[in-house]
Each structure stands twice: as structure tokens, then as C-alpha cells.
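Fold and geometry: a report
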Amino acid sequence: MIRQRRLSGLGSRILAALILVLCVAVVTAWAVALVVGPVIFDDHMEMVDSGDPDPGVVAHAEEAFDAAWRLSLLLALLAAFGASLVVTVILVRRLVRPIGKIRAAVGEITEGDYSARVPESSIGAEFTELMAAFNGMAAELDRTELTRQRLLSDLAHEMRTPVATIDGYLEAMQDGIAHADEQTLGMLREQAERLKRLAEDISLVSAAEEGRLNLRPAPIEVGELLDAASGQIRARYESAGVHLIIKAGPRARATTISVDRDRIGQVLTNLLDNALHHTDPEDEVLLSARTSRSSVSFEVADNGHGIDAVHLPHIFERFYRADSARERSHGGSGIGLAIVRSIVTAHHGSVGVFSEGTGSGSVFTVELPQSAPESLKVP
């Protein structure tokens, strides 16, 4: 009710202001005509007859002129005032109506309906831009809410499995069905480690998105980053029968880049791990690097399962999986690529993905500036 009163008050104030302007214009026009009209008339009468005019004729002419101009000016001003008032009311309503629609949409969003939108208006570029900006904000809030709901649902699912496993083993041990042997303790440690890893991943992504990620950039050669990433994961590739190929020219390998070594190493290993999950034995994964004058690009390309076009815009979202069943069977949390994007963004870089579709493989590209921005440098 308060917002409605404020809204109607705005329209009333606009209308009152315009009416006041009209009244001032009418009074001013009347005063100018009252002062200037008789003087001009007397001058013209003197020019018509240079002799001594008949006082009665002059008085009658002045009286007729005075009555005529007052009546005609009054009627003209009244007509102008009435027409202007009608136009003013129409314009005020057109101005206030979009504001009312925005207010109603804001109320719906406040109540949790993020699908509310404001129809575009044709009363001016400013209002059109305002409504477009509002609709963009509402769409972003809608996407954020959907992501939040999916995040909570997926997080609950990710936690439910290891918690249920731990609870089941503990209950079996309590009932004497299972014993605290090496195999049982190993399984419990594995599930506890999974929960710990999930908590660390979520904390890392949240810290990066909130600008709290602690980065310590230092000069390092590109070749050293490639060798470290491939060395960490090569054994898993050999076990899975997938061929890992490292490709970078001498110039690229010798290029020095200022980054947080551990974080960028995590980016490369996450991309390689993601490629391993989406390839079959005898497939190939290529990790390459190339340099330009101011940046270094890393590329992880595979000839594996590929990504359908519908999934590409969401690949780097938290807990998003193009193939949920396969990811969960491999123990993935669906947060690895979100970590990649968060770390790369924190380095003022960019990350992208390309795939021609299912069965055509995929290419992930990370581009980083060679020198660390001032905001990342440790004092």
C-alpha cells in the first residue's frame, strides 16, 4: 500500500507540476498582452490619422479593440490550456504505467517468483533500456535460483552416498556383522576422504567466486607446468589404456609465465581427469601449449565421447554433469570444471570448450596472461 501511494503521488506531482507550468504560461501571456497590446494599438491609430482625431471615435475604437483582444485571448488561452491538460494527463499516464509494471514485477520477485518480466515500452529509449536491464536482472536471478536449487540437490546426493556407506559399515560393525579389519577401515577412509575432498572443492570454488582465493604467482616455465600435470596423472591413463600426448614447441616450453603453480597445475590435472572420464581405451588425449606476445594458451583435446550442444553452456557450472550416471560411477562430484573456471578467472584468464557433438571429442582451452596482474602480485 505504501508503494502504491508513492507511485500515485509521483503521477500527481508530475501532473501538478505541468499544470503549474501551464498556469504560469497563461498568466504571463495575459500580462504581456495587457501591457503591450494597448500601446501598439495607440501607435497604429496615430499613424492612421495625422490630424486631430475625433475623441469619441478613438475611445470607441479603443473600447472595441480592448473587448476583442481580451475575449479572443481568453478563449485562445482556455482552449490551449484544455488541450494541453488533456495531452499532459495522457503523457503522465504513459510515464507512470511502466513504473507501475516495474513495481509489480519487483513485488513478484520479492515474493520469490523470479519468472516475472516487464513488457517493453515504446515511450522512449531510456525506459526501453531500463526495462531491458530489469528483465536481464530478473533472468539472471532466475538462473541463479535454479542453479542454487540444483546445487543443493546435487550436494545432498553427493553427501548421501558416502554418509550412507559410513553409517552402514559402522552399524554392521556395531552388530558384529563386520569387523574393523584393513579392508573395512580402508573403505571408511575412502568415503571420509571423499567427503573431505567435496568440502575442499566447494570451499575452493566459493572462495574464488567471492574473490578470497589466495594466489601466489611466481615465474615458471610452461614446460614445467606441462610435465608436472602429465606426471601426476599419467599412471591413471596407462591403467585405463588411454594415450596421453604432450605437445609444445621449444619456444612454448621455454616461455615463462607468472601464475600460482599449484593452482594452475590443478587446472591442468582437472582437465586431464575430465578427459579421462570421457574417453575409452585406445583413445587419445592431447595436452598442448602455445604462446603469443602477451598470453599463453593451454589446450586439452580428446577424441572421446564429445559433448552435445545443449550441455556446452553449462559445462563449467557447479555439479553439472553431461552424463550423470557415468560421472557418479567414476566418483566424480561434478565440480572439477567449476574449479577450473574459478582458478582461471582468478588469474584474469579465460576458459572455453568446443565440441562438434556426441562422439566427436572435445577441446578445452585455457588462456592466461604471461605476467600476473597487479591485483595478484604478492607485496
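The coordinates are above.
None of the values given here were measured: they were computed from a predicted structure. (Residues numbered from 1 in each chain as written. Predicted model: local features only at pLDDT ≥ 70, side-chain atom pairs only at ≥ 80, totals over all residues. Heavy atoms only, no water.)

**Things to note about the side chain of Thr279**
Its place among the elements puts Thr279 in the loop between helix H7 (261–277) and strand S4 (284–291). By relative accessible area, which is 5% here, Thr279 ends up buried. Within polar-contact distance, the side chain of Thr279 engages the backbone oxygen of Ala275 at 3.0 Å. A polar atom in the side chain of Thr279 sits 3.3 Å from the backbone oxygen of Leu276. (Helix = DSSP H or I, 4+ residues; strand = E, 2+ residues; numbered from the N terminus. Buried < 20%, exposed > 50% of the residue type's maximum accessible area, 1.4 Å probe, protein only. Polar contact = N/O pair within 3.5 Å; in protein donor to acceptor, adjacent residues only side chain to side chain.)

**Observations concerning the packing of H7 against helix H9 (residues 336–346)**
Where H7 contacts H9, the two axes come as close as 9 Å, and the packing angle between them is 150 degrees. Accordingly, the angle class assigned to the pair H7 and H9 is roughly antiparallel. As for the relative orientation of H7 and H9, their crossing is left-handed in sense. Counted together, Arg263, Ile264, Gln266, Val267, Asn270, Leu271 and Asn274 of H7 and Gly336, Leu337, Ile339, Val340, Ile343 and Val344 of H9 form the full contact between these two elements. Per-class residue counts for the contact of H7 with H9 are eight nonpolar, four polar and one charged. (Axes fitted to C-alpha atoms, helices over the stretch in contact; angles between N-to-C directions. Parallel < 35°, antiparallel > 145°, perpendicular 65-115°, else oblique. Left-handed = near helix turned anticlockwise from the far one by under 90°. Contact = heavy atoms within 4.5 Å. Nonpolar A, V, L, I, M, F, W, Y, C, P; charged D, E, K, R; others polar.)

**Observations regarding the nonpolar core**
In terms of nonpolar packing, the biggest core is built from 42 residues, with Tyr237, Leu272 and Phe298 touching the most fellow members. Other than its neighbours up to four places away in sequence, Leu272 contacts Ala229, Ser230, Ile233, Tyr237, Leu244, Val285, Leu287 and Val300. Counting eight residues, the second-largest nonpolar core is a separate cluster that includes Ile102, Ile109, Val118 and Phe134. (Core = buried A, V, L, I, M, F, W, Y, C linked by side-chain atoms within 4.5 Å.)

**Overview of the pattern of salt bridges**
Inspection of the entire model under this criterion finds five salt bridges. Ionic pairing is found between Arg253 and Asp227, a salt bridge with its closest N-O pair at 2.7 Å. Of this pair, Arg253 sits in helix H6 (residues 250–254) while Asp227 sits in helix H5 (residues 222–240), and the two are 26 residues apart along the sequence. Between Asp273 and Arg236 there is a salt bridge, and its shortest N-O distance comes to 2.7 Å. (Salt bridge = Lys/Arg side-chain N within 4 Å of Asp/Glu carboxyl O.)

That's the geometry; what it means functionally is another story.
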